[in-house]
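Chain and residue survey
Chain residues, written in single-letter form:
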Amino acid sequence: MIHRRGLLALPAALAAAPVLAQGGFPDRPLRYIVPFPPGGLTDIMARLVAERLAAHWDRPVVVENRAGGNAMIGAEAVARAAPDGHTLLAMTMTHTVNVALFPNAPYDLLRDLAAVSVIGSLPLVVCVGAESPARDLAGLAAMARTQRVSAASSGNGTPPHLGLELFRRAAAAGEGLLHVPYRGGAPAVTDLVAGHVQMVVGNLPEVLAQIRAGRLRALAVTAERRHGLIPEVPTTAEAGMPALVIGNWTGMMVPAATPAPVRGAIAGAVQAALRDQGLRARAEDGGFELLGWDEQRSARFMQDEVRRWAALVTEAGIRPD
């Protein structure tokens with residue numbers, strides 16, 4: 001669960017001027033590894049942050065997309081990198097779910113990597129097709145208890161799939177909810193619009209255009225507050241399902257042995273980057289809520305996410321695609 005909080009305050013001069021940590025870090029270009037293809041939600045946020053980090057340090061910050069292995073290929077590359085702060089990982093909720101999905105992964109998320117910051121989050125949105133008889137979340141829950149409802153997701157173990165499992169429990173739908181996994185959010189949403197499936201708990205940016213065009217009906221956002229891009233849509237708590245809260249978030253990690261002063265310098269630079277008004281405007285237009293949590297809070301949150309999703313993965317018997 002992600003709570004909305006303001007960014008940590010930094011003096012304006014620190015945010016504006018190039019800053020080097022003790023020992024001259026960074027002393028060369030940095031790699032910011034995104035374990036997903038270009039153009040996705042994590043990639044977009046990483047590139048916004050990388051641009052500001054480069055200005056902050058007066059050093060190139062090169063975004064490197066290393067997709068594959070359910071985001072584990074890129075994560076392993078960072079876990080095995082030299083712990084000098086020059087290799088960064090754009091990590092997401094997916095990595096915390098992977099701990100349970102892939103118990104034999106080639107790295108240990110919480111042992112081999114260290115949290116720098118939880119950067120931002122996106123809500124998911126419970127949607128049905130425009131012609132659906134479900135007018136609200138209670139109506140959709142009633143449908144799922146009395147008939148088979150096909151529910152699309154972007155794949156087994158993805159945030160939309162876990163959102164569906166939370167809905168299944170909150171709605172007491174049981175076997176009435178039929179999970180239909182796709183390879184990505186776009187085809188799942190396309191088939192919902194076409195009427196081939198009946199619902200999705202989709203990432204906000206993936207459903208927003210269809211909601212605005214009237215081709216999808218948004219029933220609730222899976223957050224504690226309404227979202228500014230769709231303020232007319234109630235939260236799941238307002239709609240009667242307070243347990244259906246899930247956010248797809250992104251953060252930054254570095255190799256675990258990275259010295260504390262270097263980690264602190266990176267965390268401070270991230271917080272400075274997120275105070276940039278241009279970055280904030282672009283991120284918020286894309287649906288992100290910026291967070292910029294410190295190392296300790298970010299580490300606790302990631303540990304909580306690992307425990308939360310391990311329990312759901314085990315209970316639901318979720319297996320990788």
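Located above this text is the structure these notes cover.
Read on for an overview of the structure. It should be emphasised that the depicted structure is a prediction, and the values quoted were computed from it without experimental measurement. Counting restarts for each chain, with residues numbered from 1 along the sequence as it is written. Given that the model is predicted, a residue must reach a pLDDT of at least 70 before its local features are reported, and side-chain atom pairs must reach 80 or more before they are shown or counted; all residues, however, enter totals for whole chains, interfaces and linings. The basis for every side-chain value is the complete set of heavy atoms in the structure, and neither hydrogens nor water enter the calculation.

On to the nonpolar core. Among the buried residues, those of types Ala, Val, Leu, Ile, Met, Phe, Trp, Tyr and Cys that are joined through side-chain atoms within 4.5 Å form a nonpolar core. A simple rule labels every residue: compare its accessible area, found with a 1.4 Å probe on the protein chains alone, to the largest value its type can have, and call it buried under 20%, exposed over 50%, or partly exposed in between. Core analysis: the largest hydrophobic core is formed by 52 residues, its most contacted members being Leu113, Leu140, Leu162, Phe167, Leu177, Met199 and Trp309. By definition in these notes, contact holds between two residues if any of their heavy atoms fall within 4.5 Å. The contacts of Leu140, once residues within four sequence positions are left out, are Val126, Val128, Ala134, Phe167, Met199 and Leu219. With 33 residues, the next largest nonpolar core counts Leu30, Met45, Leu122 and Ala265 among its residues.

Next up on the list: helix H4 (residues 93-101). For H4, a buried count of 7 out of 9 residues is recorded, marking the element as mostly surrounded by other parts of the structure. Helix numbers and strand numbers start at the N terminus; a helix is a DSSP run of H or I with at least 4 residues, a strand a run of E with at least 2. Listed in full, the buried residues belonging to H4 are Met93, Thr94, His95, Thr96, Val97, Asn98 and Leu101. On the buried face of H4, the contacting elements are helix H3 (72-79), strand E3 (87-92), helix H5 (109-112), helix H7 (159-170), strand E9 (247-255) and helix H12 (295-316). Two to three positions downstream of the cap, the backbone nitrogen of Thr94 sits 3.0 Å from a side-chain oxygen, assigning the N-cap of H4 to Thr92. Within 3.5 Å is the distance limit for a polar contact, defined as a pair of N or O atoms, with the added protein rule that one can donate a hydrogen and the other accept it, and that residues adjacent in sequence qualify only through two side-chain atoms.

Moving on, we come to the pairing of strand E5 (residues 149-153). Judged by how many residues are buried, E5 sits mostly within the fold: 5 of 5 residues are covered. Burial along E5 is two-sided: Val149, Ala151 and Ser153 facing one way and Ser150 and Ala152 facing the other are all buried. Bridging between E5 and strand E6 (residues 177-181) involves 5 bridges; their strand directions are parallel. Within E6, the residue paired with Ser150 across the bridge is Leu178. Assignment of crossover handedness uses the view with strands pointing away from the viewer, where a clockwise path from the first strand over the helix to the second indicates a right-handed crossover. Following the backbone out of E5, through H7 and into the adjacent parallel E6, one traces a crossover that is right-handed. Two strands are said to pair when DSSP picks up at least two bridges between them. Two elements, E5 and strand E7 (residues 199-203), share 2 bridges in a ladder whose sense is parallel.

Here we take up the side chain of His86. Its location among the elements puts His86 in the loop between H3 and E3. For His86, a relative accessible area of 6% puts it in the buried group. At a separation of 3.2 Å, a polar atom in the side chain of His86 contacts the side chain of Asp27. Dropping the residues within four chain positions of it, His86 is found in contact with Phe25, Pro26, Asp27, Arg28, Pro29, Leu30 and Arg31.

In this section: the packing of helix H2 (residues 41-57) against helix H10 (residues 260-274). Axes are the key here: two packed helices are described by the angle between their axes and the distance separating the axes. With their axes 9 Å apart at the nearest point, H2 and H10 run at an angle of 110° to one another. One way to sum up the angle between H2 and H10 is to call them roughly perpendicular. Here Met45, Val49, Arg52, Leu53, His56 and Trp57 of H2 lie close against H10, whose contacting residues are Ala265, Ile266, Ala269, Val270, Ala272, Ala273 and Leu274. The axes used here are C-alpha line fits, helices contributing only the stretch in contact, and every angle between their N-to-C directions lies in the interval 0 to 180 degrees. Angle categories are assigned with fixed cut-offs, so that under 35 degrees is roughly parallel, over 145 is roughly antiparallel, 65 to 115 is roughly perpendicular, and the rest are oblique.

Attention now goes to the packing of aromatic side chains. Only Phe, Tyr and Trp rings are paired, with Trp represented by its six-membered ring, and only when their centres lie within 6.5 Å; those with planes under 30 degrees apart are stacked, over 60 edge-to-face, the remainder tilted. Considering all chains together, one arrives at 3 aromatic pairs under this definition. Relative to Phe301, the ring of Trp249 has its centre 5.0 Å away and its plane inclined at 70°; by these criteria the two rings are edge-to-face. One end of the pair, Trp249, is in strand E9; the other, Phe301, is in helix H12, with 52 residues separating them in the sequence. Since its relative accessible area comes to 2%, Trp249 is described here as buried.

This part takes up the pattern of salt bridges. Proximity of charged atoms lets side chains of opposite charge pair with each other. Whenever a carboxyl oxygen of Asp or Glu lies within 4 Å of a side-chain nitrogen of Lys or Arg, that contact is scored as a salt bridge. Counted by the stated rule, this structure contains 16 salt bridges. We note a salt bridge from Asp84 to Arg28, for which the minimum N-O separation is 2.4 Å. With Asp84 in the loop between H3 and E3 and Arg28 in the loop between helix H1 (12-16) and strand E1 (30-34), this pair connects stretches of sequence that are 56 residues apart. A salt bridge links Asp112 to Arg80, with the shortest nitrogen-to-oxygen separation between them at 3.7 Å. Here Asp112, found in helix H5, pairs with Arg80, found in the loop between H3 and E3; they are 32 residues apart in sequence, far enough to count as distant. Because the salt bridges share partners, they merge into one network encompassing Glu165, Arg168, Arg169 and Glu315.

The element strand E8 (residues 216-221) is extensively covered by neighbouring structure, given that 6 of its 6 residues are classed as buried. In this sheet, E8 lies alongside strand E4 (residues 113-129) in antiparallel orientation, the contact comprising 5 bridges. Residue pairing for E8: Gly129 is matched across the bridge by Leu216.

The subject of this paragraph is the packing of H2 against helix H11 (residues 277-285). Taken N-terminus to C-terminus, the directions of H2 and H11 make an angle of 180°; their axes are 10 Å apart at the nearest point. Here H2 lies roughly antiparallel to H11, going by the angle between them. Where H2 abuts H11, its residues Met45, Leu48, Val49, Glu51 and Arg52 lie against Leu279, Arg282 and Ala283. Throughout, the ten residues Ala, Val, Leu, Ile, Met, Phe, Trp, Tyr, Cys and Pro are labelled nonpolar, Asp, Glu, Lys and Arg are labelled charged, and all others, Gly among them, are labelled polar. Taken together, the residues of the contact of H2 with H11 break down into 5 nonpolar, no polar and 3 charged.

Quick look at the environment of Met72 now. You can see Met72 is positioned in helix H3. The contact partners of Met72, leaving out residues within four places of it in the chain, are Asn98, Phe102, Ala105 and Tyr107.

The next subject is unusual backbone geometry. Pro26 follows Phe25 through a cis peptide bond whose omega is -10°. Along the chain, Pro26 turns up in the loop between H1 and E1. Positive phi, close to 75°, is recorded for Ala71, a residue that is not glycine. By the element assignment, Ala71 lies in the loop between strand E2 (61-65) and H3. Judged by relative accessible area, Ala71 falls into the buried class, the value being 3%. Phi at Ala172 takes a positive value of approximately 55°, unusual for a residue other than glycine.

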